[in-house]
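This is what each chain is made of:
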Amino acid sequence: MRVKQAAVAISAALSLTLAVPAFAQESREFSVSTVLSDAFPWGQAATKWAELVDERSEGRIILKVYPNAQLVSGDQTREFSAMRSGLIDMAVASTINWSPQVPELNLFSLPFLMPDEAAIDAITQGSAGEKIFNAIDKKGVVPLAWGENGFRELSNSKKQVDGPEDLKGLKVRVVGSPLFLDTFNTLGANPTQMSWADAQPALTTGAIDGQENPLSVFDVARVDQVGQKYLTQWHYMADPLIFGVNKRVWKSLSAEDRELLQQAAIDAGAWEIEKSRRELSDTLAAIRERGVEVTELTPEQHQAFVDATAEVYEKWTPRIGAELVAEAKAAIEAR
Ligand code: X2X
């Protein structure tokens, strides 16, 4: 009797299993954190990743994007810790926001290290990039691919800035690593750290005079409409984006799905880097058209900023790792 009952139960369970379509059974959803929404290239990188994964897994793997750092209540420098602890499954993140937990990522924030896009690529696509990925991996997050936020330009509501002396006393909002405080303090400015969520109201009320962000962010967030009328194209640093996955989530995936997820991240990242670079000149034209005074630096003016920030290297090179900094410099030299 017992045996017969068990057999009935098993056959019922079996037919139930067979009745459920395979995709519904195996479909898994993961959270993806970003700071900027898909109105910006950054958010578009995450959306593209989700689309490619959906398509290539035939709906088995669903990436749900949560923009505006909402999974950490806007506190973007807590994103890495939240990911490591499993509160967030995946992210497309700026190197700046993860740099408090991964000191090696401060490399990209060294002022005037990377003169052009080829210099960014020389780091990310070479042995220095590999070292950085290893450092992230050791901290509990699996890095899959690179994207790009872009070269960060300086804006303010007070005056045209074409030399370090113009920054004296200017209240500038910065984010992330204390390295930014050192850079702006060295320049004689008055830097203050706050999240992007807090920066926008602070710009509106005039609590701060200036900020630094890529042209795409300045443009899409309409930063000029909160009084930022002066923009200096000083290209002092660029923040790449990193596609990453929590380690436990990564280990729970099959080898095929890991490959699928990584290849989709690589493709989405390459797509976004190409797109953001291609759109730069149109973006700059749009910003100019809205009446923003854009300052380009002469080589001499540029050099004055380089000289004024040299001491940041002395303090930060040992923290980032002397070997890594040297490797990055050599890769840039050889680009
Ligand atoms: O907060 C910023 O300035 C932003 C949006 O660029 C980053 O998250 C690094």
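On a predicted model such as this, the values are computed, not experimentally measured, just so you know.

Novice: Looking at this model, I keep getting lost on empty space enclosed by the protein. Mind explaining?
Specialist: Summary: where empty space remains is shown by rolling a probe the size of a single water molecule over the atoms. Evaluation of the coordinates by the stated rule reveals two cavities of 30 Å³ or more. Estimates place the volume of the largest cavity at around 110 Å³. For the largest cavity, the lining is made up of 15 residues, of which W42, Q76, N149, R152 and N213 are closest to its centre. Listed by contribution, the elements that provide at least two residues to the lining of the largest cavity are α5 (95–98) and β4 (141–156). Partitioning the lining of the largest cavity into residue classes produces seven nonpolar, five polar and three charged. The volume enclosed by the second largest cavity comes to roughly 30 Å³. Going through the elements one at a time, α6 (117–124) and β4 are the ones with two or more residues in the lining of the second largest cavity.

Novice: Sorry if this is basic, but what is going on with the packing of α6 against helix α15 (residues 322–333) here?
Specialist: When two helices pack together, their arrangement is given by the angle between the helix axes and by the axis-to-axis distance. Viewed as axis vectors pointing N to C, α6 and α15 meet at an angle of 130°, and their least axial separation amounts to 8 Å. Comparing the axis directions of α6 and α15 gives the class oblique. Two packed elements cross with a definite hand, and for α6 against α15 that hand is right-handed. Contacts between α6 and α15 pair A119, A122 and I123 from the former with A328, A331 and I332 from the latter.

Novice: Got a minute to help me understand the site of the ligand in this structure?
Specialist: Taken together, V35, L36, W42, Q76, S94, N97, N149, R152, R173, W196, N213 and D239 form the complete shell of residues around the ligand. With respect to the ligand, the side chain of Q76 contributes an N or O atom lying 2.8 Å from an oxygen atom. N149 has a polar side-chain atom sitting 3.4 Å from an oxygen atom of the ligand. Relative to its free-state accessible area of 270 Å², the ligand is covered by the protein chains to the extent of 100%. The cavity where the ligand resides is the largest cavity.

Parameters at a glance
Residues numbered from 1 in each chain as written. Predicted model: local features only at pLDDT ≥ 70, side-chain atom pairs only at ≥ 80, totals over all residues. Heavy atoms only, no water. 1 Å grid on protein atoms, 1.4 Å probe; cavity = no way out; pocket = protein on both sides within 12 Å on 5 of 7 lines; lining within 4 Å. Points joined across faces, edges and corners; volume = space filled by probe spheres on them. Helix = DSSP H or I, 4+ residues; strand = E, 2+ residues; numbered from the N terminus. Nonpolar A, V, L, I, M, F, W, Y, C, P; charged D, E, K, R; others polar. Axes fitted to C-alpha atoms, helices over the stretch in contact; angles between N-to-C directions. Parallel < 35°, antiparallel > 145°, perpendicular 65-115°, else oblique. Left-handed = near helix turned anticlockwise from the far one by under 90°. Contact = heavy atoms within 4.5 Å. Near = heavy atom within 4 Å. Polar contact = N/O pair within 3.5 Å; in protein donor to acceptor, adjacent residues only side chain to side chain. Areas by Shrake-Rupley, 256 points an atom, 1.4 Å probe, with all protein chains shown as cover. Sits in = over half its atoms within 2 Å of the grid points.

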